[in-house]
2 protein chains.
Amino acid sequence: MATLKDVARLAGVSVKTVSNVVNGYSFVKPDNRRRVEEALEATGYRPNLGARNLRRGRTGFIALVLPELSIPYFAELAGLVITAAQEHEWNVLIEQTFGTLAGERAALASLGPHLVDAAILSPEALLVDDFQLSVPAVLLGEHAVDVPISRVGIDNVAAARTAVRHLISLGRTRIAAIGAHPHRGTAALRLEGYRTALAEASLPFSGDLVVPALNYHRADGAAAMRSLLDMPTPPDAVFCFNDLLAIGAMRTAAERSLRVPGDLAVVGFDNNEESVYSSPSLTSVAPDKGAIARAAVDLLHRRVESPDDALEDVETPFSLLVRESTVAG
Amino acid sequence: MATLKDVARLAGVSVKTVSNVVNGYSFVKPDNRRRVEEALEATGYRPNLGARNLRRGRTGFIALVLPELSIPYFAELAGLVITAAQEHEWNVLIEQTFGTLAGERAALASLGPHLVDAAILSPEALLVDDFQLSVPAVLLGEHAVDVPISRVGIDNVAAARTAVRHLISLGRTRIAAIGAHPHRGTAALRLEGYRTALAEASLPFSGDLVVPALNYHRADGAAAMRSLLDMPTPPDAVFCFNDLLAIGAMRTAAERSLRVPGDLAVVGFDNNEESVYSSPSLTSVAPDKGAIARAAVDLLHRRVESPDDALEDVETPFSLLVRESTVAG
DNA sequence: CATCGTTGTTCCAACGATGTAAAGCCCCAA
DNA sequence: TTGGGGCTTTACATCGTTGGAACAACGATG
């Protein structure tokens with residue numbers, strides 16, 4: 001592997017001059033610049049990023065801390081973050097927490113200025129209560145507790161309200177919610193949006209129709225739906241706090257031979273690609289994941305460039321995509 | 001951020017002694033060791049990996065080059081690779097190629113000894129024909145062309161044969177295949193397995209029943225299925241070269257009001273989590289993804305430790321998981 | 001012709017860690 | 001007392017890069 005020294009020797013100039021050419025410094029004699037460029041070409045020089053970053057005090061990496069890549073929402077998001085990070089010449093380091101506090105603590109502990117320049121966090125457990133991070137960070141989702149840290153996300157209350165209003169507009173009156181969670185900030189806000197929409201339509205709120213989910217996997221949605229269908233008067237619609245729960249719920253409905261949307265209308269949240277091809281396809285709240293990824297990365301970039309910028313709270317757009325699970329195709 | 005120098009000053013020893021303690025060098029006086037450990041604790045020292053790796057000539061990273069994280073198979077695999085890599089104190093750098101030759105070239109170009117110690121490649125386009133990599137690498141899947149490089153994967157011919165034999169055992173006689181591809185090594189092998197199974201059962205092979213797919217997304221499966229169902233005599237079963245194609249195919253079947261498996265049996269490949277909860281759930285060839293991830297990482301680790309080991313070709317196990325898309329629940 | 005500012009180049013130190021060589025210590029045998 | 005050898009520590013160079021100061025060359029200016 002060629003180093004600056006090799007290139008310099010070949011071009012007959014000093015190492016620093018080569019460095020200047022590589023970094024686009026203006027004042028280099030055309031003649032020398034040409035010779036250096038030829039030498040760069042000839043040796044196939046690639047800067048040693050480790051050395052460069054050591055010198056510059058940067059690492060060239062950002063961390064993306066998320067529960068699990070096997071969850072489609074996070075996989076899609078991770079792909080978009082990687083793409084967004086490339087714009088700023090950042091590489092992305094993915095850490096999985098598996099949704100546990102221990103996992104989140106471990107991920108945070110392994111981070112540090114020596115490893116990454118900044119971090120994007122998608123906490124699920126308590127994480128933020130003992131929050132102590134040595135690099136600029138941004139939270140995706142919601143604040144679990146009141147900690148000074150930037151945030152990027154959608155208006156969860158408004159999104160949930162939109163979803164439930166859609167169900168109400170279809171004439172549904174017994175609308176259940178799946179996904180309540182003791183610690184998740186987003187869960188509380190989505191529940192709030194659900195209650196607001198019910199209240200606006202003068203529909204009664206019943207705690208029986210709110211089913212918790214400790215994890216947001218398909219199996220949890222299926223189990224929650226079973227408990228709802230075992231009720232004396234089952235719901236005629238269900239709002240799930242993410243698409244996986246909704247897929248699980250639809251699976252249970254199918255097993256019980258319920259027609260969706262005839263007997264039961266279902267709305268999800270996240271708009272996974274999977275939901276477009278399920279049978280029936282799933283109506284879902286669609287956050288603009290690309291916007292979230294870009295906003296988070298851009299925000300971090302600003303913060304790294306000027307560390308004492310004010311904290312930010314970026315709200316990204318969302319939309320409701322109506323599909324067969326609420327309106328028969 | 002504390003450096004070795006800070007710790008050394010605090011403990012009243014030389015930098016090297018601290019380095020020795022940190023790296024578990026045996027000959028340090030108990031007294032000094034204790035003082036150094038206290039100082040390490042007090043300063044919260046964490047080694048600067050960039051500097052360490054610069055000195056050691058390692059980067060501490062491996063690359064995982066794959067088409068797209070939004071494809072569930074690769075997302076699941078990536079998660080497992082990250083976990084496996086941690087065992088060897090490696091961090092994983094994910095590069096997306098989007099299945100294009102240009103993307104694969106770009107990913108390869110950005111790699112190099114200065115960035116990663118090794119690379120795991122999941123090529124889709126031609127990639128390997130102009131293959132020139134400066135670090136140890138392993139291919140997941142199949143050799144597109146004959147290039148000296150290690151490989152990890154399942155026996156695709158046997159896997160496809162198993163899948164098609166299952167369909168035959170159910171009494172299906174017009175069995176289609178979706179996913180033929182001009183450049184993909186796995187596609188050719190799966191097609192071979194398909195033909196072998198047909199031949200073994202003395203079923204005729206018909207080119208009409210083999211549908212190509214340029215991408216392996218849900219939409220491609222849906223389109224392929226439409227073309228099959230538009231035939232004068234449509235198939236009574238279809239073997240899809242991955243689960244996404246199968247999900248798309250089942251979607252089309254549903255749109256045409258075909259019963260699965262009654263009118264059409266469907267088998268996929270990859271065993272995505274998604275396929276367990278689809279309606280009907282999908283029978284699928286299940287490669288042991290954990291085994292693939294571990295084998296790939298372990299192989300690279302051996303190769304990095306002793307660079308002139310022989311190339312390896314590791315075969316990992318697979319199984320066929322029979323679900324509702326072939327045998328009604 | 002001395003001076004000056006601009007442009008271009010080089011030398012040196014430094015980022016934080018580790019390998020090497022050498023020096024210091026201590027104990028024991030000659 | 002000397003010397004040898006095992007343990008323990010240190011000074012120094014080094015990995016590849018960049019920032020800063022110093023220096024050199026140059027035409028323009030007074």
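Residues numbered from 1 in each chain as written. Chains lettered and ligands numbered in written order. Predicted model: local features only at pLDDT ≥ 70, side-chain atom pairs only at ≥ 80, totals over all residues. Heavy atoms only, no water.

## Details of the packing of helix H5 (residues 72–87) of chain A against helix H12 (residues 289–305) of chain A
All names here are of chain A. Taken N-terminus to C-terminus, the directions of H5 and H12 make an angle of 50 degrees; their axes are 8 Å apart at the nearest point. The orientation of H5 relative to H12 falls into the category oblique. Pair H5 / H12 crosses with right-handed handedness. Here H5 contributes Tyr73, Glu76, Leu77, Leu80, Val81, Ala84 and Ala85 to the contact with H12, which in turn contributes Lys289, Gly290, Ile292, Ala293, Arg294 and Val297. (Axes fitted to C-alpha atoms, helices over the stretch in contact; angles between N-to-C directions. Helix = DSSP H or I, 4+ residues; strand = E, 2+ residues; numbered from the N terminus. Parallel < 35°, antiparallel > 145°, perpendicular 65-115°, else oblique. Left-handed = near helix turned anticlockwise from the far one by under 90°. Contact = heavy atoms within 4.5 Å.)

## Comments concerning the protein's contact with DNA strand C
What surrounds DNA strand C is a group of 25 residues, the closest being Thr17 and Asn32 of chain A together with Leu4, Tyr45 and Arg55 of chain B. Backbone atoms, meaning sugar and phosphate, make up 67% of the atoms of DNA strand C lying within 4 Å of the protein. At 2.6 Å from a phosphate oxygen of DNA strand C is found a side-chain nitrogen or oxygen belonging to tyrosine 45 of chain B. At 2.6 Å, a side-chain N or O of arginine 55 of chain B approaches a base oxygen of DNA strand C. (Near = heavy atom within 4 Å. Polar contact = N/O pair within 3.5 Å; in protein donor to acceptor, adjacent residues only side chain to side chain.)

## Points about the protein's contact with DNA strand D
Close contacts around DNA strand D come from 24 residues, with Leu4, Tyr45 and Arg55 of chain A together with Thr17 and Asn32 of chain B the closest. The sugar and phosphate moieties of DNA strand D supply 68% of its atoms located within 4 Å of the protein. Within the contact set of DNA strand D, a phosphate oxygen lies 2.9 Å away from a side-chain nitrogen or oxygen of serine 19 of chain A. One of the backbone nitrogen or oxygen atoms of alanine 51 of chain A is found 3.4 Å away from a base nitrogen of DNA strand D. Where the surface near DNA strand D is concerned, the elements lending two or more residues are helix H2 (15–22) and helix H4 (49–56) of chain A together with helix H2 (15–22) and helix H4 (49–56) of chain B. Split by residue class, the surface near DNA strand D holds 10 nonpolar, seven polar and seven charged. (Nonpolar A, V, L, I, M, F, W, Y, C, P; charged D, E, K, R; others polar.)

## Quick notes on the interface of chain A and chain B
Across the contact, 44 residues belong to chain A and 45 residues belong to chain B. Roughly 3,700 Å² of surface becomes buried between chain A and chain B when both sides are summed, with 59% attributable to carbon and sulfur atoms. Considering only the side of chain A, the residues that lose the most area to chain B are His114, Arg251 and Tyr277 of chain A, jointly responsible for 21% of the buried surface there. The tally of links between chain A and chain B comes to four salt bridges. The closest approach of N and O atoms between glutamate 273 of chain A and arginine 218 of chain B, which form a salt bridge, is 3.4 Å. Our count for the chain A to chain B interface comes out at 10 residue pairs in polar contact (both at pLDDT 80 or more). Elements with a contribution of two residues or more to the side of chain A that touches chain B: H4, H5, strand E2 (91–96), helix H6 (101–110), helix H9 (218–229), helix H10 (243–255) and helix H11 (274–277) of chain A. Top element by residues in the side of chain A that touches chain B is H5 of chain A. It accounts for seven residues. When grouped by side-chain class, the residues that make up the side of chain A that touches chain B number 23 nonpolar, 13 polar and eight charged. (Buried area = accessible area lost by both parts, 1.4 Å probe. Salt bridge = Lys/Arg side-chain N within 4 Å of Asp/Glu carboxyl O.)

## Points about the relation of the copies chain A and chain B
Least-squares fitting of chain A to chain B yields an RMSD of 0.2 Å, with the superposition described by an axial translation of 0.1 Å and a rotation of 180 degrees. Both copies of the chain, as the preceding transformation shows, are related through a two-fold rotation axis. A symmetric contact is evident, with 100% of the interface residues of chain A recurring at the interface of chain B. (Least-squares fit on C-alpha atoms with pLDDT ≥ 70 in both.)

## Focus: the side chain of asparagine 242 of chain A
Residue and element names in this part refer to chain A. With respect to the secondary-structure elements, asparagine 242 resides in the loop between strand E8 (237–240) and H10. A residue is classified by how much of its surface remains accessible, and asparagine 242, at 6% relative accessible area, is buried. In contact with asparagine 242, other than residues within four places in its own chain, are Tyr216, Gly268, Phe269 and Asp270. (Buried < 20%, exposed > 50% of the residue type's maximum accessible area, 1.4 Å probe, protein only.)

## A few points about the side chain of arginine 172 of chain A
Residues and elements named next belong to chain A. With respect to the helices and strands, arginine 172 occurs in the loop between helix H7 (156–169) and strand E6 (175–180). The charged side chain of arginine 172 is buried without a salt bridge, its nearest counter-charge being aspartate 236 at 5.4 Å. There is a polar contact of 3.0 Å between the side chain of arginine 172 and the backbone oxygen of aspartate 236. Within the local environment of arginine 172, its side chain forms a polar contact with the backbone oxygen of proline 261, the two atoms lying 2.9 Å apart. Not counting residues within four places of it along the chain, the set of residues in contact with arginine 172 comprises Leu167, Leu203, Asp236, Ala237, Pro261, Gly262, Asp263, Leu264 and Ala265. (Lys, Arg positive; Asp, Glu negative; His and termini not counted.)

## Re empty space enclosed by the protein
The method is simple in principle: a probe with the dimensions of a water molecule rolls over the atoms, and the space it marks as empty is what remains. For the structure on display, the rule yields two cavities of 30 Å³ or more. Computed from the structure, the largest cavity encloses a volume of approximately 140 Å³. Residue lining of the largest cavity: 18 residues in total, with Ser70, Pro72 and Glu274 of chain A together with Ser70 and Pro72 of chain B positioned closest to the centre. Broken down by secondary-structure element, the contributors of at least two residues to the lining of the largest cavity are H5 of chain A together with helix H5 (72–86) of chain B. Considered class by class, the residues forming the lining of the largest cavity number seven nonpolar, three polar and eight charged. Considering the residues around the second largest cavity, the lining is formed by Ile94 and Glu95 of chain A together with Ile82, Gln86, Trp90, Asn91 and Val92 of chain B. Within the residue set of the lining of the second largest cavity, elements represented by two or more residues are E2 of chain A together with H5 and strand E2 (91–96) of chain B. Tallied by class, the residues present in the lining of the second largest cavity amount to four nonpolar, two polar and one charged. (1 Å grid on protein atoms, 1.4 Å probe; cavity = no way out; pocket = protein on both sides within 12 Å on 5 of 7 lines; lining within 4 Å. Points joined across faces, edges and corners; volume = space filled by probe spheres on them.)

## Quick look at the nonpolar core
Ile94 and Ile120 of chain A together with Ile94 and Ile120 of chain B are the most contacted members of the largest nonpolar core, which has 60 residues in total. Residue contacts for isoleucine 94 of chain B: discarding those within four places in its chain leaves Leu69, Ile82, Val92 and Ile94 of chain A together with Leu64, Leu66, Leu69 and Ala78 of chain B. Residues Leu203, Ala224, Met231 and Cys240 of chain B belong to the second largest nonpolar core, which totals 47 residues. (Core = buried A, V, L, I, M, F, W, Y, C linked by side-chain atoms within 4.5 Å.)

## A closer look at the domain arrangement of chain A
Residue and element names in this part refer to chain A. As far as domains go, chain A holds domain 1 (4–47), domain 2 (59–154 + 289–318) and domain 3 (156–286). Placing a centre on the C-alpha atoms of domain 2 and another on those of domain 3 gives a separation of 28 Å. Taken together, the contact between domain 2 and domain 3 spans 15 residues of the former and 20 residues of the latter. Between domain 2 and domain 3, a total of about 1,300 Å² is buried, with carbon and sulfur atoms accounting for 59% of that surface. Here domain 2 is connected to domain 3 by zero salt bridges. Counting across the domain 2 and domain 3 interface gives four residue pairs in polar contact (both at pLDDT 80 or more). Residue contributions to the side of domain 2 that touches domain 3 peak at three residues, all from H5. When grouped by side-chain class, the residues that make up the side of domain 2 that touches domain 3 number eight nonpolar, two polar and five charged. (Domains from an automatic or database assignment.)

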